[in-house]
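Spelled out, the chains give:
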Amino acid sequence: HSHDESSYTSAPPDAVCFPCTTDEVAHIVTICRAHRRPVIPFGVGSSLEGHTLPIRGGVCVDMSLMNRVLAIRPDDMDCTVEAGLTRNELNEAARRHGLFFPIDPGANATLGGMAATRASGTNAVRYGTMRDNVLALTVVLASGEVIHTGSRARKSSAGYDLTRLFVGSEGTLGIITEVSLRLYPVPEAISAAVVSFPALDDAVAAVTETMQTGIPVARIELLDETMLGAVNAFAGLSYPVQPTLFLEFHGSTEGVAEQARQTGEIMRAHGGGDFHWATHEEDRQRLW
């Protein structure tokens, strides 16, 4: 769908959408290169950075129908998927093998888009970001050439680390069509907690000591008074309008209890109040 340089219009009502393969994406890019037309890869549009805006017109390549799970390898705890598969769709497929993908940017984004934007999320404190969880990529370059970066090996020092180059490139270096990702076992126990502090510095100091102690907290998020007031108003909650930490613990039943006990002692030493717990899945989902 091509535009002139001065305008951007929606697709015509008779536009036809169909799932592509990597080779077909390469063919589209080759044609655009021959006509010197810009190419804008698009997932589901959940990002806020504006990198999908066609400021010079061109062709928008919508990846959302390239959404197959190509392989889930439970023994190796990894998978290969097409770029248009969403995070929730992957977790539905992985859950059948007792696995999950932990990167949660707060939207049901496509995994190709998450790789392109180096997405993060509330689980980053334990599981890292997309940078840490993408093993390999299939990418169509601006020339139309298809390359494969990285490998499924967990440890390698061979060659250039092109995977890290493309993760976070926001569509400027090529179109990601396939992604190989790390998966993790679904924790035996998960519990979430909320704790308020009299001052922002106290909450920050509590997090710093928690991390320095080496407690494997899965999630830590900090909301200041302004944000918490907005959350209360929007969601009908009644948390104290103070700097507040939201935490989550993953592991065995005994391990989660011990992590929570150690973290609670640190929080109280820095002026934090009592933990307010959310242990049922519905409560945890509502909290996050």
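Residues numbered from 1 in each chain as written. Predicted model: local features only at pLDDT ≥ 70, side-chain atom pairs only at ≥ 80, totals over all residues. Heavy atoms only, no water.

Regarding the overall build of the protein chain
Tallying secondary structure elements over the protein chain gives 10 helices and 13 strands in all. Overall size of the protein chain, expressed as C-alpha extent along the three principal axes, is 65 × 45 × 30 Å. Relative to its 288 residues, the protein chain shows a buried fraction of 41%. Restricting to contacts in the protein chain with at least 6 residues of sequence separation, those with at least 24 account for 66%. Of the roughly 15,400 Å² that the protein chain leaves accessible, carbon and sulfur atoms contribute 52%. In the protein chain, which carries 22 positive and 34 negative side-chain charges, the distance between the mean positions of the two groups comes to 6 Å. (Helix = DSSP H or I, 4+ residues; strand = E, 2+ residues; numbered from the N terminus. Buried < 20%, exposed > 50% of the residue type's maximum accessible area, 1.4 Å probe, protein only. Contact = heavy atoms within 4.5 Å. Areas by Shrake-Rupley, 256 points an atom, 1.4 Å probe, with all protein chains shown as cover. Lys, Arg positive; Asp, Glu negative; His and termini not counted. Charge placed at Lys NZ, Arg CZ, Asp CG, Glu CD.)

Notes on the pairing of strand S4 (residues 78-82)
Buried residues dominate S4, accounting for 5 of its 5 residues. The alternating pattern of S4 places Asp-78, Thr-80 and Glu-82 on one face and Cys-79 and Val-81 on the opposite face, and all of these are buried. Counting the residues between successive antiparallel strands, the hairpin from strand S3 (residues 69-73) to S4 contains 4 residues, one of them, Met-77, with a positive phi of roughly 50 degrees. Where S4 and strand S8 (residues 174-182) come together, 5 bridges link them in antiparallel fashion. Looking across to S8, one finds that Thr-80 is bridged to Ser-180. (Pairing = 2+ DSSP bridges.)

Things to note about the confidence of the model for the protein chain
With 93% of its residues at a pLDDT of 70 or more, the protein chain shows a mean pLDDT of 89. Considering only residues more than four positions removed or in separate chains, one finds that residues 1-13, a stretch of pLDDT under 50, has 21 contacts. (pLDDT = per-residue confidence, 0-100.)

Here's the deal with the nonpolar core
Formed by 40 residues in total, the largest nonpolar core has its most connected members in Leu-90, Phe-101, Met-130 and Leu-181. Elements with a contribution of two residues or more to this core: helix H1 (22-34), strand S2 (59-62), S4, helix H2 (87-95), helix H3 (111-116), strand S6 (134-141) and S8. If you tally residues by element for this core, the top one is S6, at 5 residues. Sequence-distant contacts of Leu-181, defined by excluding residues within four places in its chain, comprise Met-77, Asp-78, Cys-79, Val-81, Leu-90, Phe-101, Leu-111, Met-130, Asn-133, Val-134 and Leu-135. Core analysis: the next-biggest nonpolar cluster, separate from the first, contains 17 residues, Ala-189, Ala-193, Val-217 and Leu-247 among them. (Core = buried A, V, L, I, M, F, W, Y, C linked by side-chain atoms within 4.5 Å.)

Considering H1
Relative to the 18 Å expected for 13 residues at 1.5 Å per residue, H1 spans 18 Å between its end C-alpha atoms, a close match to the ideal helical length. For H1, every residue scored as buried is listed here: Thr-22, Val-25, Ala-26, Val-29 and Cys-32. Here the buried residues of H1 occupy an arc of 125 degrees about the axis, which is enough to place them on one side. In H1, the exposed positions angled more than 90 degrees off the buried face are occupied by Asp-23, His-27 and Ala-34. Buried residues along H1 sit against strand S1 (39-42), S2, S6, strand S7 (146-150) and S8. Directly beyond the C-terminal end of H1, a positive phi value near 55 degrees is found at Arg-36. (Expected span 1.5 Å × (residues − 1). Arc of directions from axis to C-beta.)

Considering the environment of Val-195
Of note, Val-195 is situated in strand S10 (residues 189-196). Among the residues examined, Val-195 registers a relative accessible area of 0% and is labelled buried. In this structure the C-alpha to C-alpha distance between Val-195 and Gly-271, which are 76 residues apart in sequence, comes to 10.0 Å. In this structure Val-195 touches Pro-243, Thr-244, Leu-245, Leu-247, Met-267, Gly-272, Gly-273, Asp-274 and Phe-275, once residues within four positions along its chain are discounted.

Some remarks on H2
Listed as buried for H2 are Arg-87, Leu-90, Asn-91, Ala-93 and Ala-94. For H2, the buried positions fall inside an angular range of 165 degrees around the axis, keeping them on one side. Next to the buried residues of H2 lie S3, S4, strand S5 (99-100), H3 and S8.

Some points on the state of the cysteines
Note on terminology: disulfide describes a covalent bond linking the sulfur atoms of two cysteines. Taken as a whole and assessed by the stated rule, the structure comprises 0 disulfides. Counting only cysteine sulfurs, Cys-60 is the nearest neighbor of Cys-32, a cysteine outside any disulfide, at a range of 11 Å. Accessibility expressed as a relative area gives 6% for Cys-32, which makes it buried. (Disulfide = S-S within 2.5 Å.)

A word on unusual backbone geometry
At Met-77, a position not held by glycine, the phi torsion is positive, near 50 degrees. Inspection of the secondary structure puts Met-77 in the loop between S3 and S4. On the accessibility criterion, Met-77 (30% relative accessible area) is partly exposed. The backbone of Glu-170 shows a phi angle near 55 degrees, a positive value even though the residue is not glycine. By the element assignment, Glu-170 lies in the loop between helix H6 (162-166) and S8.

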